[in-house]
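# Descriptive structure summary
So you can see what is in the structure, the chains are spelled out below.
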Amino acid sequence: MPETNVELFGYKFSVYTRIVRIVLQEKGIAFDAQEINPFAVDLLDNYLDIHPFKRVPAIRHGDFTLYETSAITQYLDEAFDGPSLQPGTARERARMHQVIGITDSYGYQPLVRKVFSQKVFGPAFGDPTNENIVVEGLTESDRILSALEKLLSEDGYLSAPTYSLADAHVIPMIDYFLMAPEGAAMFSRYPKLCRWWNSVKERPSTVFTRPSLPC
């Protein structure tokens, strides 16, 4: 393994960039960050060589480049020293991947794109809120929160007795969702998720990676 820092290509407001940053912090991995706004016209000249689909995040570690968040976080966990972020049993690892998969497939759009973006992120940049999209997002968010509530480990983490890649993956989405008053009100109806959030919200990796939004 080459002795070189990881280069992280990401966007400061991106949920998926933050997931990788959380894992980097949890593992204690040194890294250099390059800001990539995937919505910008003037991307780095060679960024499409790194990520042909013009998304974030991506990493480069020596001569190895990688994109897709779950692939990146698993690589970081397995290739570097530090606490393991993958559970010890096959069932717990399967649950971890399940939580990550359902959150990506069914949670990101309603929690982040429909509720947070419409109620918090867009207005912070002067964009109007589409309340119809918010209502749609809340309806869909209720289903994902209900699913996570049922899957939550008895020990308080999302897939195992200890903090895992599943927790790192879900934290940024829930953090954004809770910034919307409607999201916070809905979330409060899920006691197991509330206990989980209270246990992870002040974790150094959560606090250190939280982006500052415009007032």
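You'll find the structure just up there.
Reference entry: report on the structure contained in this document. All chains use their own residue numbering, which begins from 1 and follows the written sequence. Local features in this predicted model are restricted to residues whose pLDDT is 70 or higher, and side-chain atom pairs enter the listing and the counts only when it is 80 or higher, whereas totals over whole chains, interfaces and linings include all residues. Values shown for side chains rest on all heavy atoms present in the structure; no hydrogens or waters enter the calculation.

### Quick word on the pairing of strand 1 (residues 6–10)
Buried means the residue's accessible area, taken with a 1.4 Å probe over protein chains only, is under 20% of the maximum for its type, while exposed means over 50%, and partly exposed covers the values in between. Strands here mean DSSP runs of E at least two residues long; helices mean DSSP runs of H or I at least four residues long; both are numbered from the N terminus. The element strand 1 is largely enclosed, with a buried count of four among its five residues. Between any two strands, pairing holds if DSSP finds at least two bridges. Of the pairings in the sheet, the one linking strand 1 to strand 2 (residues 31–35) comprises five bridges and is parallel in character. Bridge pairing links Gly10 to Glu35 in strand 2. By convention, a crossover is right-handed whenever its connection, traced from the first strand over the helix to the second and viewed with the strands pointing away, goes clockwise. After leaving strand 1, the chain enters helix 1 (residues 15–27) and then returns to the sheet as strand 2, a path that is right-handed. Where strand 1 and strand 3 (residues 58–61) come together, four bridges link them in antiparallel fashion. The residue of strand 3 that forms the bridge with Leu8 is Ile59.

### Considerations on unusual backbone geometry
Glycine aside, the phi torsion of most residues is negative, and most peptide linkages are trans. Note the cis peptide between Val56 and Pro57, where omega equals 5°. Positive phi is not limited to glycine here, since Lys54 has a value of about 60°. You can see Lys54 is positioned in the loop between helix 2 (47–50) and strand 3. The exposure class of Lys54 is partly exposed, given its relative accessible area of 36%. Positioned with a positive phi, Glu68 is a non-glycine residue whose angle comes to about 85°. Here Glu68 is to be found in the loop between strand 4 (64–67) and helix 3 (69–79).

### With respect to the sheet that holds strand 1
Across the sheet, four strands lie side by side as 2-1-3-4; this open sheet has mixed pairing. Because the sheet does not close on itself, it has two edges, and the strands there are strand 2 and strand 4. Neighbour to neighbour, the strand axes of the sheet diverge by 20° on average, direction disregarded. The pairing of strand 3 with strand 4 spans four bridges and is antiparallel. Of the residues in strand 4, the one forming a bridge with Ala58 is Tyr67. By definition, residues are in contact when any of their heavy atoms lie within 4.5 Å. Orientation is described by axes fitted as lines to C-alpha atoms, over the contacting stretch for helices, and by angles from 0 to 180 degrees between their N-to-C directions. Most of the contacts of helix 1 go to strand 1, to which it runs at about 155°, and overall it touches strand 1, strand 2 and strand 3. Of the strands in this sheet, strand 1, strand 3 and strand 4 touch helix 3, which is tilted by about 135° from strand 4.

Function-wise, these values are silent; they only describe arrangement.
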